[in-house]
Amino acid sequence: MFVKAEKLSKIYRIGKNEIRALNEVSFELERGKIYTVIGPSGSGKTTLFNILGGLDRAEEGRIFVDGKEITAMDQKKLSDYRRDYVGFVFQFYNLINGLTVYENVLSSAALSKNPLDVDMVLEMMDVYSEKNKFPFELSGGQQQRVAIARAVVKNPAMILCDEPTGALDYESSKLVLKLLEDVNKRFGTTILIITHNLAISKMADATLRLRSGRLVEFSENPQKISAQEVSW
Ligand SMILES: Nc1ncnc2c1ncn2[C@@H]1O[C@H](COP(=O)(O)OP(=O)(O)OP(=O)(O)O)[C@@H](O)[C@H]1O
């Protein structure tokens, strides 16, 4: 199993109050599949991504990725794990404004062990012609495609996308979904997508549904459709 989470819990303490952002969440993910993560606001989706991506730590429980227990790693090992295994895509792109498109992607490649060719990835994301522009000169859809290029160029085993289409119009969203699907097919990358758009789950192999920090449903999708067929 590529990812195995066992009774993961994350507790935030504010004064006397305890918030169980994750409450004994267990699941298994296969390598090379697409998953969506759904659930109301505050249900723990981003907290789960932060732990799976090695950005934050669980209080209780264990999580294994590719046979390695990330809950047992020290800061240095966790940082290597993040660099070698995980690409992140956020709702608001998080590109570096002072760097060109090319430099944004190159800086990610430069930190990676086995990076892909920057030009090839820019071409794949259909932003090669924009490579010398700065993020503010691009549309939202183009910025998100650069953000995906920045994640993909690391050649990570897993890409975590937190509301990747949340700020985009319909056509740009569809293109972003198609490109994530292309990456999954071409490189076998495991892709997780947090979304409030339930239609996106139709292109996923399975969906995890969270409520109040608990995993209330893990549903496989035998009738998976292509990103192109997804509509809302
Ligand atoms: N740094 C923090 N300190 C205290 N509480 C936090 C912190 N981060 C998240 N929480 C709380 O943990 C719970 C889960 O938050 P999380 O952001 O994981 O939910 P989410 O499902 O991603 O929500 P959204 O869809 O709004 O992004 C919420 O109750 C939230 O208020």
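Here, the structure is the one placed above.
Heads up: these notes are all about the structure in this document. (Residues numbered from 1 in each chain as written. Predicted model: local features only at pLDDT ≥ 70, side-chain atom pairs only at ≥ 80, totals over all residues.)

### Remarks on the overall build of the protein
Assigned secondary structure in the protein consists of 6 helices and 10 strands. Relative to the compact-globule value of 17 Å for 232 residues, the protein shows a C-alpha radius of gyration of 17 Å, a close match. Along the longest, intermediate and shortest principal axes, the C-alpha atoms of the protein span 50 × 40 × 35 Å. Long-range pairs, those at least 24 residues apart, make up 70% of the contacts in the protein between residues at least 6 apart in sequence. (Helix = DSSP H or I, 4+ residues; strand = E, 2+ residues; numbered from the N terminus. Rg over C-alpha atoms; globule rule 2.2 N^0.38 Å. Contact = placed C-beta atoms within 7 Å.)

### Examining the environment of P115
By secondary structure assignment, the location of P115 is in the loop between α3 (101-110) and α4 (118-124). Counting along the chain gives 38 residues from P115 to V153, while the straight-line C-alpha distance between them is 5.5 Å. Aside from chain neighbours lying at most four places away, what touches P115 is A109, V153, K154 and N155.

### Examining helix α6 (residues 170-187)
Residues spaced three or four apart along an α-helix face the same direction, because each turn holds 3.6 residues. Its 18 residues place the ends of α6 26 Å apart at the C-alpha level, agreeing with the 26 Å of an ideal helix rising 1.5 Å per residue. Within the span of α6, buried status applies to S173, L175, V176, L177, L179, L180 and V183. The inward-facing, buried residues of α6 abut α5 (140-152), β7 (158-162) and β8 (190-194). Taken from the residues just after α6, G188 is the one with a positive phi, measuring 70°. (Expected span 1.5 Å × (residues − 1). Buried ≥ 20, exposed ≤ 12 C-beta atoms within 10 Å, placed from the backbone.)

### Observations regarding the sheet that holds strand β10 (residues 214-220)
Spatially, 6 strands are ordered β6-β7-β8-β3-β9-β10 in an open sheet, and the strand pairing comes out mixed. Edge positions in the sheet fall to β6 (86-89) and β10, since each has one partner strand and no second. For this sheet, the mean inter-axis angle between neighbouring strands, taken without regard to orientation, is 15°. Note that strand β9 (residues 206-211) and β10 share 6 bridges and pair antiparallel. By the bridge assignment for β10, T207 is matched with S219. Contacting β6 and β7, α5 crosses the sheet at an angle of about 170° to β6. (Pairing = 2+ DSSP bridges. Axes fitted to C-alpha atoms, helices over the stretch in contact; angles between N-to-C directions.)

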